[in-house]
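# Report on the structure
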Amino acid sequence: MTYEEALEKIHSLLTFGSRPGLDRMRMLLERLGNPQDKLRFIHVAGTNGKGSVCAVLSSVLVAAGYKTGLFISPYITDFRERIQINNQMISREALAKAVEETYPVLMKLRGEGVVITEFEYVNALEFYIHAAESCDVVVLETGMGGLLDCTNVIKPPLCSVITTIGLDHTAVLGSTLEEIAAQKAGIIKPGSAAVTSAQDSRAFGVIARAAKNAAVPLIESGSVEVRVLSQDLGGSVFTANGIELRLNLAGSHQIENAKTAIAALEYLRLNNILELTDADIKNGVFAAQNPARLELLCREPVVLLDGAHNPNGAQALKAAAEQFLRGKKIYCVMGMLADKDCDTAISLLAPLFEAVFAVSVSNPRTLGAEELAGKFKPYCKNVTPCADAEKAFDLALENARQNGGAVLVCGSLYLAGELRPYMISKTSF
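Here is a short report on the structure shown in this document.

Conventions and cut-offs
Residues numbered from 1 in each chain as written. Predicted model: local features only at pLDDT ≥ 70, side-chain atom pairs only at ≥ 80, totals over all residues. Heavy atoms only, no water. Helix = DSSP H or I, 4+ residues; strand = E, 2+ residues; numbered from the N terminus. Rg over C-alpha atoms; globule rule 2.2 N^0.38 Å. Buried < 20%, exposed > 50% of the residue type's maximum accessible area, 1.4 Å probe, protein only. Contact = heavy atoms within 4.5 Å. Areas by Shrake-Rupley, 256 points an atom, 1.4 Å probe, with all protein chains shown as cover. Lys, Arg positive; Asp, Glu negative; His and termini not counted. Charge placed at Lys NZ, Arg CZ, Asp CG, Glu CD. Pairing = 2+ DSSP bridges. Axes fitted to C-alpha atoms, helices over the stretch in contact; angles between N-to-C directions. Disulfide = S-S within 2.5 Å. Parallel < 35°, antiparallel > 145°, perpendicular 65-115°, else oblique. Left-handed = near helix turned anticlockwise from the far one by under 90°. Nonpolar A, V, L, I, M, F, W, Y, C, P; charged D, E, K, R; others polar.

Per the secondary structure count, the protein chain includes 15 helices and 17 strands. The C-alpha atoms of the protein chain give 21 Å as radius of gyration, which agrees with the globular expectation for 429 residues (22 Å, within 12%). C-alpha extents for the protein chain along the principal axes are approximately 60 × 55 × 40 Å. Counting all 429 residues of the protein chain, 58% fall into the buried class. Look at the contacts in the protein chain between residues 6 or more apart in sequence, and 73% of them connect residues 24 or more apart. In the form shown here, the protein chain has an accessible surface area of approximately 17,300 Å², with 49% of it arising from carbon and sulfur atoms. Charged side chains of the protein chain number 41 positive and 47 negative; the gap between the two group centres comes to 2 Å.

Another point: unusual backbone geometry. Omega for the peptide link from Ser73 to Pro74 comes to -10 degrees, which places this bond in the cis form. For Pro74, the position within the fold is in the loop between β2 (68-71) and β3 (83-85). That bond from Glu300 to Pro301 is cis: its omega, -5 degrees, falls within 30 degrees of zero. Relative to the helices and strands, Pro301 resides in the loop between β12 (295-299) and β13 (302-305). The phi dihedral of Asn272 falls on the positive side, at around 55 degrees, and the residue is not glycine. Inspection of the secondary structure assignment puts Asn272 in the loop between α9 (252-270) and α10 (278-287).

Take the pairing of strand β11 (residues 243-247) next. Here β11 shows a buried face lined by Ile243, Leu245 and Leu247 and an unburied face lined by Glu244 and Arg246. Pairing of strand β10 (residues 235-240) with β11, which is carried by five bridges, proceeds in the antiparallel orientation. Each bridged residue has a counterpart across the sheet, and for Ala240 the counterpart in β11 is Ile243. The loop that links β10 with its antiparallel partner β11 comprises two residues; one of these, Asn241, has a positive phi angle of about 50 degrees.

Strand order in the open sheet made by the three strands is β9-β10-β11, with antiparallel pairing throughout. On the outer flanks of this sheet lie β9 (226-232) and β11, each paired with one strand and no other. When strand polarity is set aside, the average angle formed by the axes of neighbouring strands in this sheet is 15 degrees. With six bridges connecting them, β9 and β10 associate as antiparallel partners. In the sheet register, Asp232 faces β10, and the bridge partner there is Gly235.

This part covers the state of the cysteines. Enumeration according to the criterion identifies zero disulfides in this entry. Of all cysteine sulfurs in the structure, the one in Cys159 sits closest to Cys54, which takes part in no disulfide; the separation is 11 Å. By relative accessible area, Cys54 is classed as buried at 0%. The structure places no disulfide on Cys150, whose sulfur is separated from the nearest cysteine sulfur, that of Cys54, by 14 Å.

This paragraph deals with the packing of helix α12 (residues 342-349) against helix α13 (residues 369-376). Look at α12 against α13: their axes get within 9 Å of each other, and the N-to-C directions meet at 50 degrees. If you check the angle between α12 and α13, you find them oblique. Helix-helix and strand crossings are classified by hand; for α12 and α13 the assignment is right-handed. Contact with α12, carried on its side by Cys342, Asp343 and Ile346, involves Leu372, Lys375 and Phe376 of α13 and no other residues of that element. In the contact of α12 with α13, the residues fall into four nonpolar, no polar and two charged.

The following block contains the structure:
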């Protein structure tokens with residue numbers, strides 16, 4: 001089987017959509033020999049910051065010499081970003097081989113009336129590949145929720161991590177912070193530990209009760225004492241529990257994500273679950289990367305790429321723009337999915353922009369460019385709907401070069417994946 005054929009088989013399952021529940025996943029994994037039971041995990045759920053927390057965790061574990069698996073979603077430009085070993089994408093050959101060995105099992109289940117979704121199968125592939133590679137630890141990011149997310153078939157992890165919780169996927173997870181937090185906190189299990197980012201008090205209360213009910217310690221990111229030394233678009237320098245660190249992820253929200261990861265690592269270190277040194281933490285934090293999260297692609301003019309697509313993400317992006325782009329004219333290229341809270345994101349961000357180029361995203365759920373442009377009208381006079389995202393970026397870049405401004409591409413990780421290679425080809429440090 002070729003890599004292209006493997007991808008075709010994986011993506012053919014997309015038509016079955018997202019279907020929360022663990023029974024199908026357990027049946028598939030049992031037929032595959034329960035590879036997840038051969039692995040140790042750090043399990044990460046939350047609304048915002050999951051990817052960055054996973055990046056820091058994985059990088060520190062790699063720096064410490066652990067063979068580290070990483071499972072994340074979605075990917076930006078290459079499907080294999082979702083399944084990594086030691087922060088490197090698995091090979092095309094490895095993915096093709098795993099699909100060739102496991103897809104017949106999936107098809108046999110379908111013949112028995114058990115339909116596996118794409119996310120379930122990709123997660124099963126991750127378990128299968130990481131177990132075959134004998135990974136020491138796997139950093140496992142949930143998909144949409146937690147309690148009913150198919151990653152939640154694992155036994156108690158080394159620790160469960162809950163990043164910042166906000167309103168997203170409300171049609172599935174619930175319409176209130178408490179309901180969403182209950183889903184995310186569903187990954188907390190007896191015999192483990194729980195770690196949380198700073199939370200709204202309503203979400204924190206739910207997480208604290210879940211930890212109490214599971215009789216596990218709850219470690220807060222605030223337990224990590226941080227002193228910020230400097231910040232710019234390239235990242236931050238700060239001390240964490242006395243260790244001076246350089247984080248190459250920009251924005252105060254990324255410092256919070258790093259604090260969350262460090263809180264988890266300190267728990268694992270202090271309880272002799274993993275062997276980690278200060279140098280491992282320092283080197284790992286420095287090495288952490290997470291594309292399309294306030295990613296600086298060019299300094300002159302400033303070109304930023306961000307995938308924020310919900311109110312919390314938009315608020316973090318607004319704060320970063322106000323901090324780092326003060327006084328600059330910002331030319332924005334934005335595309336969003338129709339099922340996201342577009343109105344809130346636009347109301348937060350639009351007043352910052354000199355001009356907006358509204359585009360459609362290459363996704364069936366996209367909000368049309370014309371409709372998106374219309375939503376900007378109350379806030380920004382200079383709004384142009386564009387049929388072609390690359391041309392929209394060219395226009396924004398030309399304006400920024402002429403006026404000493406900055407370009408910001410934002411609104412969706414799908415748009416980020418679509419435009420990032422083109423943006424890199426058109427800009428440079």
